Amino acid sequence: MKKAIYHFIFFTYILIINSSLIIPFNFDDKEPEKMKGMIERHNFWRSQYGLQNLIWSNELAIVAQDWANELAKRGCKMEHRPNNKFGENIYWSSGLQPTPKMVTDAWADERQFYDFDKMECKLDWWKCGHFTQLMWSTTKKVGCGMAKCGNQEIWVCNYNPPGNWVGQKPFENKK
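Residues numbered from 1 in each chain as written. Predicted model: local features only at pLDDT ≥ 70, side-chain atom pairs only at ≥ 80, totals over all residues. Heavy atoms only, no water.

## Concerning helix 3 (residues 58-73)
Taking 1.5 Å per residue as the helical rise, helix 3 with its 16 residues ought to reach 22 Å, and the 22 Å between its terminal C-alpha atoms agrees with that figure. Where burial is concerned, most of helix 3 is hidden: 12 out of the 16 residues are buried. Along helix 3, the positions that sit buried rather than exposed are N58, L60, A61, I62, V63, A64, Q65, W67, A68, N69, L71 and A72. By the N-cap criterion, in which a side-chain oxygen at the helix start approaches the backbone nitrogen of a residue two or three places on, helix 3 is capped by S57, the distance to E59 being 3.4 Å. Positive phi shows up at G75, right after helix 3, with a value of about 85°. (Helix = DSSP H or I, 4+ residues; strand = E, 2+ residues; numbered from the N terminus. Expected span 1.5 Å × (residues − 1). Buried < 20%, exposed > 50% of the residue type's maximum accessible area, 1.4 Å probe, protein only. Polar contact = N/O pair within 3.5 Å; in protein donor to acceptor, adjacent residues only side chain to side chain.)

## Considering the layout of surface pockets
By volume, the largest pocket amounts to about 620 Å³. Along its surface, the largest pocket is lined by 28 residues, and W125, G129, T132, N164 and W165 are the ones closest to its centre. When contributions to the lining of the largest pocket are tallied by element, the ones reaching two or more residues are strand 2 (87-94), strand 4 (120-121) and helix 5 (129-135). Of the residues forming the lining of the largest pocket, the biggest block, 4 residues, is contributed by helix 5. Along the lines of polarity and charge, the residues of the lining of the largest pocket split into 11 nonpolar, 12 polar and 5 charged. (1 Å grid on protein atoms, 1.4 Å probe; cavity = no way out; pocket = protein on both sides within 12 Å on 5 of 7 lines; lining within 4 Å. Points joined across faces, edges and corners; volume = space filled by probe spheres on them. Nonpolar A, V, L, I, M, F, W, Y, C, P; charged D, E, K, R; others polar.)

## As for the nonpolar core
Judged by nonpolar contacts, the single largest core of 28 residues is most densely connected at M38, M135 and F171. Looking at this core, the elements with two or more residues in it are helix 2 (38-47), helix 4 (100-108), helix 5, strand 5 (141-149) and strand 6 (152-160). Apart from the residues lying within four places of it in its own chain, the contact partners of M135 are W45, R46, Y49, L51, P170 and F171. By size, the runner-up hydrophobic cluster in this structure holds 11 residues, among which are L71, A72, I90 and A147. (Core = buried A, V, L, I, M, F, W, Y, C linked by side-chain atoms within 4.5 Å. Contact = heavy atoms within 4.5 Å.)

This is the structure we're talking about:
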């Protein structure tokens, strides 16, 4: 009972303090309307590699939205949150109105820079780091947010447990 009261107080506090939230949050860990398709597309790509489905997390979505709002205040600069305890993917666009499918597909497109024989990035890790976070086998939950700065949008998704651990592979190659 105490935990339920704590969650209610925490979510109420976040919603009251952060009046700049663009995405309304549900209290029942269901993907909000403005993010419809994000879970479906994440799970589409994960299914291509035999990975378990992710579920939506309001806690992660609040963290992601908070960081998206902060990045919008900074002119939609694409930066990762320092000292983030969650995994994180960021997407930036200008002049478009991307959908959750487009955002997730952009991260998945980094698979072209991934060596599936060696199970590592072909060149620099940052060229496929969004893909590997998307595919990290131990990740179970995701939550996302989006903020606008003029005609630009900054999208942030947080993942738990996080991925992209040095020396570990994102998933087992089932070839």
